[in-house]
Amino acid sequence: TGSSETPDEYVMASTNVFGKDAGNIRKVIQQVTPGKKVELAITEYNINYNWRPHDPRQATHKGAVWMASTLNHLIKADVDIALTWHSRSGGTFGMLSRENEIRPVARLFYLCNRYVKSEYVWSNSNSKDVECLGFIQPGNHIGIMLINKGSSSKKVKVSMLNMPELPKALFEGNAEVYSIGPDGWQKCGGNMTGGVMQVPMQGHEVKLIVAKIPGK
């Protein structure tokens, strides 16, 4: 958008446009160069392209939730590279503030590059506000990214099928849960045993649930 007054609901509901546009470009490329692998890269994407005034959401947890959803749609549209503008900024753009404060989008990028940059598995949600992306790095870890784009809290039931066997931890979680939301950046334990989890999510929150595959 070009206005910091655009409602959150509209901003969050529009993230799928990036995936649709990338998918259409991919179709054109396949028509022009059939059978040839051509990498697609999106070099800049923000909630708001206007810096007069800067959109405060870009530097908060809402910016991280928006970016997580955008990355989800880009990944599912087979985009190879997604860059961001930019590393350090005096405004609301960038991973760091001018005072080197680590912003929520930086935390998200770190987690995505460490865990989500893997192979992707089929995943779907029956809620218009909640998105999910399942991923696996064979021989290393499995996980799922949950994105609550809505403003209200939700209890998300996660069911994972045909997943690798994990330790049956009775007293300690076998997974790590990373959260970026209204309460900031948090890390806690979780349990993926059986492939079913009840995950409480606040409004405008993204969570990554990651479990290490045993023996590796």
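Up top is the structure.
Residues numbered from 1 in each chain as written. Predicted model: local features only at pLDDT ≥ 70, side-chain atom pairs only at ≥ 80, totals over all residues. Heavy atoms only, no water.

Sorry if this is basic, but what is going on with the side chain of T15 here?
Position of T15 among the secondary structure elements: in the loop between α1 (8–13) and α2 (16–32). Judged by relative accessible area, which is 0%, T15 ranks as buried. One polar contact links T15 to S69, side chain to side chain, over a distance of 2.7 Å. When sequence neighbours within four positions are dropped, the list of residues in contact with T15 reads W66, S69, T70, H73, E131 and K149. (Helix = DSSP H or I, 4+ residues; strand = E, 2+ residues; numbered from the N terminus. Buried < 20%, exposed > 50% of the residue type's maximum accessible area, 1.4 Å probe, protein only. Polar contact = N/O pair within 3.5 Å; in protein donor to acceptor, adjacent residues only side chain to side chain. Contact = heavy atoms within 4.5 Å.)

What exactly am I supposed to notice about the packing of helix α3 (residues 61–76) against helix α4 (residues 104–116) here?
To describe two helices that pack against each other, one gives the angle between their axes and the distance between the axes. Look at α3 against α4: their axes get within 8 Å of each other, and the N-to-C directions meet at 35 degrees. Between α3 and α4 the crossing geometry is right-handed. On α4, the residues touching H61, G63, A64, M67, A68, L71 and I75 of α3 are P104, V105, L108, F109, C112 and V116. Here the residues of the contact of α3 with α4 are counted per class, giving 11 nonpolar, 2 polar and no charged. (Axes fitted to C-alpha atoms, helices over the stretch in contact; angles between N-to-C directions. Left-handed = near helix turned anticlockwise from the far one by under 90°. Nonpolar A, V, L, I, M, F, W, Y, C, P; charged D, E, K, R; others polar.)

What is the right way to read the nonpolar core from this model?
Among soluble globular proteins, nonpolar side chains are generally buried collectively. In this structure, M67, L108, M145, V206 and L208 are the most contacted members of the largest nonpolar core, which totals 35 residues. Among the elements of the structure, α1, α2, α3, α4, β6 (130–137), β7 (141–148), β9 (175–181) and β12 (205–212) are those that each provide at least two residues to this core. Take this core: its biggest share by element is 8 residues, from α4. Setting aside residues no more than four positions away along its own chain, V206 makes contact with V65, A68, L108, M145, L146, I147, Y178, S179, I180 and M201. In this structure, I136, I144, L146 and M160 belong to the second largest nonpolar core, which totals 19 residues. (Core = buried A, V, L, I, M, F, W, Y, C linked by side-chain atoms within 4.5 Å.)

Explain the pattern of salt bridges to me, please; I cannot follow it from the model alone.
Pairing between side chains of opposite charge can happen when the charged atoms of each approach one another. Overall, the coordinates contain 10 salt bridges when judged by the stated rule. A salt bridge links R26 to D78; its shortest N-O distance comes to 3.6 Å. Taken together, the residues R26 in helix α2 and D78 in the loop between α3 and β2 (81–82) connect sequence positions 52 residues apart. For R26, a relative accessible area of 8% corresponds to the buried category. Classification of D78 as partly exposed rests on a relative accessible area of 40%. Ionic contacts of the salt-bridge type, sharing partners, join the residues D8, D55, R57 and K62 into one network. (Salt bridge = Lys/Arg side-chain N within 4 Å of Asp/Glu carboxyl O.)

Would you take a moment to explain the environment of V79 for this structure?
You can see V79 is positioned in the loop between α3 and β2. Remark: the alpha-carbon pair of V79 and V38, spanning 41 residues in sequence, is separated by 10.0 Å. V79 has contacts with A22, L40, I42 and L74, leaving out every residue within four places of it along the chain.

Would you take a moment to explain the sheet that holds β9 for this structure?
Reading across from one edge, β5-β6-β7-β12-β9-β10 is the order of the 6 strands in this open sheet, with antiparallel pairing throughout. The open sheet has two edge strands, β5 (119–121) and β10 (184–190), and neither has a second partner. Across the sheet, the axes of successive neighbouring strands diverge by a mean angle of 20 degrees, strand direction being ignored. The pairing of β6 with β7 spans 8 bridges and is antiparallel. Bridged to C132 within β7 is L146. On top of the sheet, α3 reaches β5, β6, β7, β9 and β12; it is set at about 60 degrees to β6, its chief contact. Of the strands in this sheet, β5, β6, β7, β9, β10 and β12 are in contact with α4, which crosses β9 at around 150 degrees. (Pairing = 2+ DSSP bridges.)

Just distances and angles here, no functional claims.
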